[in-house]
Amino acid sequence: MSLKKSTWCIGGSTSNLLLIALFVALSAVLDRASGDVGLVHRRFEYKYSFKPPYLAQKDGTVPFWEYGGHAIASSENVRIAPSLRSQKGAIWTKQKTNFDWWEVEVVFRVSGRGRIGADGLAFWYTAEKGNYLGDVFGSSDRWVGLGIFFDSFDNDNKHNNPYISAVLNDGTREFDHQNDGSTQLLSGCLRDFRNKPFPTRAKIEYYNNILTVLFHNGMTNNDQNYEMCFRAENVVLPKMGYFGLSAATGGLADDHDVFHFLTTSLHIPGQFKEEPAQGEDSAKLTQEYQDYQKKLELQKEEYRKEHPDEQKDDLDSLFEDFNERELRQIWEAQTNTFEQLRTLSSKLDEVIGRQERTLGLLSVSAQAGGGGAPPPQIAVGGGAGGSSIMRHEVDALLQNQNVMVQTVREIRSIIGEVHARTDSILNNQARAPTAQVQAGGYDVQSLMNEMRDGMNQVRQGMAGMAQRLQSNGPQGQGSGPCPTQNCLSMTAFLVVIVVQLLVMLGYSMYRDSREAQAKKFY
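Computed from a predicted structure; not experimentally measured.

Brief notes about the overall build of the chain
Piece 1. Assigned secondary structure in the chain consists of 6 helices and 17 strands.
Piece 2. Here the chain, with 522 residues, has 28% of them falling under the buried criterion.
Piece 3. Looking at the chain alone, contacts between residues at least 24 apart form 67% of all its contacts between residues at least 6 apart.
Piece 4. When the accessible surface of the chain is totalled, it reaches about 35300 Å², and 56% of it is carbon and sulfur.

Okay, structure coming up:
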């Protein structure tokens, strides 16, 4: 029994090992295949592309392209066929391709006012350029190569449009317009590309004889939101050909605008070598540069002969090179730093001088206090014979000033309270009948006049007091300080002002209450 069990275990483990080995081999094959696809060398071909801005030059031409028919090129797009009846147009590259495999991304918009449009847009890759006013979507019939048609009109009345279709032709067949090319169709898909909120996109890839078309429906602004339209294998196209776009309108009309045409060449890994341009273009550019240099030297020589007095030793001296500019910037930074340091030094010297003067005064005061001399005096008048103020007099003066400031603040608060009471009285009078408003307004006006007179009297009293302080103070030249038994104290002054204000407010409130009682009899 144990022998059978061990035999079964050995057999099961052998089968598991075989399955694991098969799985590893399959994974390696898939990884190599995916790696080959990912290692495709891609190169952007600017001579077979156009895109905004500055799509068209000032003279209306598109670099490396030529267009005709009713096509219109602007700085932002190429309108291949406008929304007018029986319009045709096309745009083609000027030179053939020099690569076998490629990928083209077309960003376009087909828009019109009608529910149904016509006729459509076509993408071409052919051995020769087509006509600009041809019968097949604005290009020539009996082409040699590939045509991908974005057909927006239903000619066969099968209700299967808008439709994207691919048709191959070897130059011997005419396009079947009545059936929308369905009898010659390589592959296709039913997609709506008219009147979309965002431009629609088509990505056409031809690699290893496999034609793949991806489509973006223009419903979102995400430029990577592509979906598969079709994929066809064993497709043989001309080795060297022209790229083109064409469009046409009929009884119905749409605007056919193309914004981007981006071409990328695809190369098999290990076979692509970046070589310097050594063809006709390189030789032509080199010759043009040399001719320009010679022409420039001749013009310089002629100018020197015609203007001998205005000759310059070296024109390069008029311009500043990188090293000179860097040295100049360093010198300016150091100069600014030096100026700032000099300003700081002068400020520091000023501060040190002030400190020395302060220390000198303090030392003089200390010496005077240590020798038993009287407290220091502050000279007034700036001269040797001027009078002096004692320290206790200065303290008394500061104390009186503080009292005056506090008193002014209290008076300001009282005046603010009076103003608030006055506003409340005016508001109460405004709520009364019309006859009472006038009487109340007259009484309030008289009250305000009385308050103004009182404040004027207070102001005159304050001015007189200030004059007496100036004439009798320690700084004056009068007969001595004011006697305390005849001067008005600040407390008594404030009490008198407060009593006056309270009397006036009490009288006003009493009058308002009497008027309110009198209203009850009406």
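Re unusual backbone geometry
Negative phi characterises most residues that are not glycine, and trans characterises most peptide bonds.
Piece 1. Proline 52 connects to proline 53 through a cis peptide bond whose omega is -5 degrees.
Piece 2. Within the secondary structure, proline 53 is located in the loop between strand E1 (41-44) and strand E2 (65-69).
Piece 3. With a phi close to 50 degrees, phenylalanine 137 is a non-glycine residue in the positive phi region.
Piece 4. Relative to the elements of secondary structure, phenylalanine 137 occurs in the loop between strand E7 (120-126) and strand E8 (144-151).

Quick notes on the state of the cysteines
Piece 1. A full pass over the atoms with the stated rule returns 1 disulfide.
Piece 2. Disulfide pairing places cysteine 189 opposite cysteine 229 at an S-S distance of 1.8 Å. Handedness here is read from the sign of the S-S torsion; for cysteine 189 and cysteine 229, about -95 degrees, the answer is left-handed. With cysteine 189 in strand E10 (residues 185-190) and cysteine 229 in strand E13 (residues 227-232), the pair connects residues that are 40 residues apart, well separated along the chain. Cysteine 229 matches cysteine 189 in its accessibility class, with the two residues each being buried.

A look at the pairing of E8
Along a regular strand, successive side chains alternate from one face of the sheet to the other.
Piece 1. E8 sits mainly inside the fold: 7 of its 8 residues count as buried.
Piece 2. Both E7 and E8 contribute to a ladder of 7 bridges, which runs antiparallel. For phenylalanine 123, the partnering residue across the bridge sits in E8 and is isoleucine 148.
Piece 3. Sheet analysis places E8 next to strand E9 (residues 163-170), joined by 8 bridges and oriented antiparallel. The partner of glycine 147 across the bridge, within E9, is valine 167.

Remarks on the packing of aromatic side chains
Piece 1. Following the criterion strictly, the structure yields 25 aromatic pairs and no others.
Piece 2. For the pair tryptophan 102 and tyrosine 125, a centre-to-centre distance of 5.1 Å together with 45 degrees between the ring planes defines the contact as tilted. Linking tryptophan 102 in strand E6 (residues 101-111) with tyrosine 125 in strand E7, this pair joins segments that are 23 residues apart in sequence. Considered together, tryptophan 102 and tyrosine 125 belong to a single accessibility category, that of buried residues.

Regarding the sheet that holds E8
Piece 1. Here 7 strands make up an open sheet; going across it, the order is E2-E5-E14-E7-E8-E9-E10 and the pairing antiparallel. Strands with a single pairing partner mark the edges of an open sheet, and in this sheet they are E2 and E10. Between one strand and the next, the sheet's axes are offset by a mean angle of 15 degrees, whatever the strand orientation.
Piece 2. Here strand E5 (residues 88-93) pairs with strand E14 (residues 242-248) via 5 bridges, running antiparallel.

Quick word on the nonpolar core
Piece 1. The biggest cluster of nonpolar side chains holds 47 residues, and the ones touching the most others in it are Phe50, Trp102, Phe108 and Phe243.
Piece 2. For this core, the element with the highest residue contribution is E6, accounting for 6 residues.
Piece 3. Apart from residues no more than four positions distant in its own chain, phenylalanine 108 is found in contact with Leu121, Phe150, Phe193, Pro199, Thr200, Arg201, Ala202, Phe215, Asp257, Val258 and Phe259.
Piece 4. Formed by 11 residues, the second largest nonpolar core is a distinct cluster that contains Ala90, Trp124, Val167 and Tyr242.

Brief notes about the confidence of the model for the chain
Piece 1. Here the chain shows a mean pLDDT of 78. Residues at 70 or above account for 72%.
Piece 2. Here residues 29-37 is modelled with pLDDT under 50, and outside its nearest four sequence neighbours on either side it reaches 1 contact, counting other chains as well.
Piece 3. For residues 474-480, every residue scores under 50 in pLDDT, and the model assigns this stretch 6 contacts once sequence neighbours within four places are set aside.

Brief notes about the environment of leucine 501
Piece 1. Considering the arrangement of structural elements, one finds leucine 501 in helix H6 (residues 490-518).
Piece 2. Judged by its relative accessible area of 18%, leucine 501 is buried.
Piece 3. On a C-alpha basis, the gap between leucine 501 and isoleucine 414 in space is 8.7 Å, while along the polypeptide they are 87 residues apart.
Piece 4. In contact with leucine 501, not counting residues within four places along its chain, are Ile414 and Val418.

Some words on the pattern of salt bridges
Piece 1. Summed over the entire model, instances satisfying the criterion amount to 16 salt bridges.
Piece 2. For lysine 96, the salt bridge identified is with glutamate 128, shortest N-O distance 3.5 Å. Placement of the pair is lysine 96 in the loop between E5 and E6 and glutamate 128 in the loop between E7 and E8, with a sequence separation of 32 residues.
Piece 3. When the shortest N-O distance is used, the salt bridge between arginine 354 and glutamate 350 registers 3.0 Å. Residue arginine 354 and its partner glutamate 350 are located together in helix H3 (residues 322-370), separated by 4 residues, close to a single helical turn.
Piece 4. Ionic contacts of the salt-bridge type, sharing partners, join the residues Arg79, Asp255 and Asp257 into one network.

Brief notes about the side chain of histidine 256
Piece 1. As for its placement among the helices and strands, histidine 256 is situated in strand E15 (residues 255-267).
Piece 2. Overall, the relative accessible area of 1% leaves histidine 256 in the buried class.
Piece 3. Look past the residues within four positions of histidine 256 in its chain and what remains in contact with it is Val78, Arg79, Ile80, Ala81, Arg109, Val110, Ala118, Gly120, Leu121, Ala247, Ala248 and Thr249.

Looking at the side chain of histidine 267
Piece 1. If you trace the backbone, histidine 267 turns up in strand E15.
Piece 2. Among the polar contacts listed, one links the side chain of histidine 267 to the side chain of serine 265, at a separation of 3.0 Å.

Thresholds applied
Residues numbered from 1 in each chain as written. Predicted model: local features only at pLDDT ≥ 70, side-chain atom pairs only at ≥ 80, totals over all residues. Heavy atoms only, no water. Helix = DSSP H or I, 4+ residues; strand = E, 2+ residues; numbered from the N terminus. Buried < 20%, exposed > 50% of the residue type's maximum accessible area, 1.4 Å probe, protein only. Contact = heavy atoms within 4.5 Å. Areas by Shrake-Rupley, 256 points an atom, 1.4 Å probe, with all protein chains shown as cover. Disulfide = S-S within 2.5 Å. Pairing = 2+ DSSP bridges. Phe/Tyr/Trp six-rings, centres within 6.5 Å; stacked < 30°, edge-to-face > 60°. Axes fitted to C-alpha atoms, helices over the stretch in contact; angles between N-to-C directions. Core = buried A, V, L, I, M, F, W, Y, C linked by side-chain atoms within 4.5 Å. pLDDT = per-residue confidence, 0-100. Salt bridge = Lys/Arg side-chain N within 4 Å of Asp/Glu carboxyl O. Polar contact = N/O pair within 3.5 Å; in protein donor to acceptor, adjacent residues only side chain to side chain.

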